[in-house]
Every structure is written in C-alpha cells, then in structure tokens.
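Understanding the architecture of this molecule
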Amino acid sequence: MGGFILIMILVPVLCSLLCWWLLAEPLRRVTRALCESGEGAPFWSRAFLLLVLATPLLTVLLLAPEQASSSLWLDIRAVLKWSLIGVVAQLLVLVRLVWRQVAFSRPKHSPLPAAVSEAAQ
C-alpha cells in the first residue's frame, strides 16, 4: 500500500516536472512579451508553474483508483494514464490562456488600400 501511495505522488510530479522543463523558457518569453513593463512576468511564470505542477497531481488524487491492485505495473499504468490526462488538461488551459492574450494584444489590421482591393476583384 505504501508503494501505491508513493506511485500516486511521484508519477504525476515527474510528469509535471518534465512538462515544466519543456515549457519553462517559452512560457517566460511569452509572459515577458505579453506583460508591457515586464514586471508581471515572474508572477505569471510562477502561476503557470503551480498550474503545471498541481493539475496532474490533483487529477491523480481525485480520479485514480484509491485501492492498489494485485499488480504494481497495472497501478503504474493507471496512475500514468491519469497523470497524462492531467498534463493534457493543464496544457489546454495554458494554450487557451496564452492564445487569448496573444489574440487580444495583436494590433488591429488596417483595411486594405483601395488599389489592392480593386486588384483583387
């Protein structure tokens, strides 16, 4: 039973750390670019880190089976499945948050000059 609890904690944390390792620098650049003065970037980077760490762990703790099965490998598989579902969920949240900010911060396109619109017709 103690090994099962350890698996339920270690697997999602390792998935989260791998995800953070892959996303940390791009997220820092995006937050610096989106924060006009750059002063808010550390806050958003840490908020994203907490989201990346907490979502897979919470997914496992809330949705994975509470009792260990007869096979350690089946337990690892189940915990890994829920960890990856948590990773995908938090990535979807991050992508949506960043996409919305990029879409709102993008300058409005000016209408095409008359000569260009006439040539297109």
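Everything discussed here concerns the structure shown above.
For every chain, the first residue of its written sequence is number 1, and the numbers climb from 1 along that sequence. Given that this is a predicted model, residues contribute local features only at a pLDDT of at least 70 and side-chain atom pairs are listed and counted only at 80 or more, while totals for whole chains, interfaces and linings are drawn from all residues. Hydrogens and water molecules were not included; the side-chain quantities draw on all heavy atoms of the structure.

Looking now at the layout of surface pockets. Definitions used for this entry: grid spacing 1 Å over protein atoms alone; cavity, a set of points where a 1.4 Å probe fits but cannot get out; pocket, an open set with protein on both sides within 12 Å along at least 5 of 7 lines; lining residue, one with an atom within 4 Å of a point. Grid points are joined across faces, edges and corners, and a volume is the space filled by probe spheres set on the points. Its volume calculated, the largest pocket comes out at about 240 Å³. Lining the largest pocket, in full, are Val30, Thr31, Leu34, Cys35, Trp44, Phe48, Leu97, Val98, Arg100 and Gln101. Secondary structure elements follow DSSP: runs of H or I of four or more residues count as helices, runs of E of two or more count as strands, with numbering from the N terminus. Secondary-structure elements contributing two or more residues to the lining of the largest pocket are helix H1 (2–34), helix H2 (41–63) and helix H3 (72–105). Element by element, the count of residues in the lining of the largest pocket is highest for H3, at 4 residues. Taken together, the residues of the lining of the largest pocket sort by class into 7 nonpolar, 2 polar and 1 charged. When residues are grouped by polarity, Ala, Val, Leu, Ile, Met, Phe, Trp, Tyr, Cys and Pro land in nonpolar, Asp, Glu, Lys and Arg in charged, and all others, Gly among them, in polar.

What follows is about the pattern of salt bridges. We count a salt bridge whenever a side-chain nitrogen from Lys or Arg sits within 4 Å of a carboxyl oxygen from Asp or Glu. By the definition in use, this model includes 2 salt bridges. Arg28 is the salt-bridge partner of Glu25, the closest N and O atoms lying 3.4 Å from each other. Of this pair, Glu25 and Arg28 both sit in helix H1, 3 residues apart, roughly one helical turn. The class for Glu25 is partly exposed, based on a relative accessible area of 35%. For every residue, the accessible area obtained with a 1.4 Å probe (protein chains only) is divided by the maximum for its type, and the residue is called buried under 20%, exposed over 50%, and partly exposed between those limits. For Arg28, a relative accessible area of 31% puts it in the partly exposed group.

Below, the discussion takes up the packing of aromatic side chains. The rule is short: rings of Phe, Tyr and Trp, with Trp giving its six-membered ring, pair when the centres are within 6.5 Å, and they are stacked under 30 degrees, edge-to-face over 60, tilted in between. By the definition in use, this model includes 2 aromatic pairs. Seen in terms of ring centroids, Phe43 and Trp44 are 4.9 Å apart; in terms of plane orientation they differ by 75°. Their pairing is edge-to-face. Measuring from ring centre to ring centre gives 6.4 Å for Trp44 and Phe48, while their planes differ by 40°; the resulting arrangement is tilted. One end of the pair is Trp44 and the other is Phe48, both in helix H2 and 4 residues apart, which spans about a single turn. Looking at Trp44, the relative accessible area reads 42%, which means it is partly exposed. One aromatic cluster is present, formed by Phe43, Trp44 and Phe48 through successive ring pairs.

Right, let's talk about H2 for a bit. Residues spaced three or four apart along an α-helix point in a common direction, a consequence of the helix completing one turn every 3.6 residues. Each residue after the first adds 1.5 Å to the expected span of a helix. With 23 residues, H2 extends 33 Å between its outermost C-alpha atoms, agreeing within 8% with the 33 Å of an ideal straight helix rising 1.5 Å per residue. At any given residue, the bend is defined as the angle formed between two axes, one fitted to the seven residues that end at that position and one fitted to the seven that begin there. Ala54 marks where H2 bends most, by close to 25°; the proline Pro56 follows one to four residues later.

Locating Pro42 in the fold gives a position in helix H2. Residues Pro42 and Thr31, 11 residues apart in the sequence, show an inter-C-alpha distance of 8.2 Å.

What follows covers a nonpolar patch on the surface. A cluster of nonpolar side chains, Leu6, Leu10, Leu14 and Leu17, forms an exposed patch at the surface whose accessible area comes to about 380 Å². Within the secondary structure layout, Leu14 lies in helix H1. Exposure above 30% relative accessible area and the absence of a salt bridge qualify a residue for a patch, where like charges join within 9 Å and nonpolar side chains (Val, Leu, Ile, Met, Phe, Trp, Tyr) within 5 Å. Only the protein chains shown count as cover for residues, and all accessible areas are computed by the Shrake-Rupley method using a 1.4 Å probe.

Right, let's get into H1. Its 33 residues place the ends of H1 44 Å apart at the C-alpha level, agreeing with the 48 Å of an ideal helix rising 1.5 Å per residue. Leu23 marks where H1 bends most, by close to 50°; the proline Pro26 follows one to four residues later. Among the residues of H1, those classed as buried are Phe4, Ile7, Met8, Val11, Pro12, Cys15, Ser16, Cys19, Trp20, Ala24, Leu27 and Thr31.

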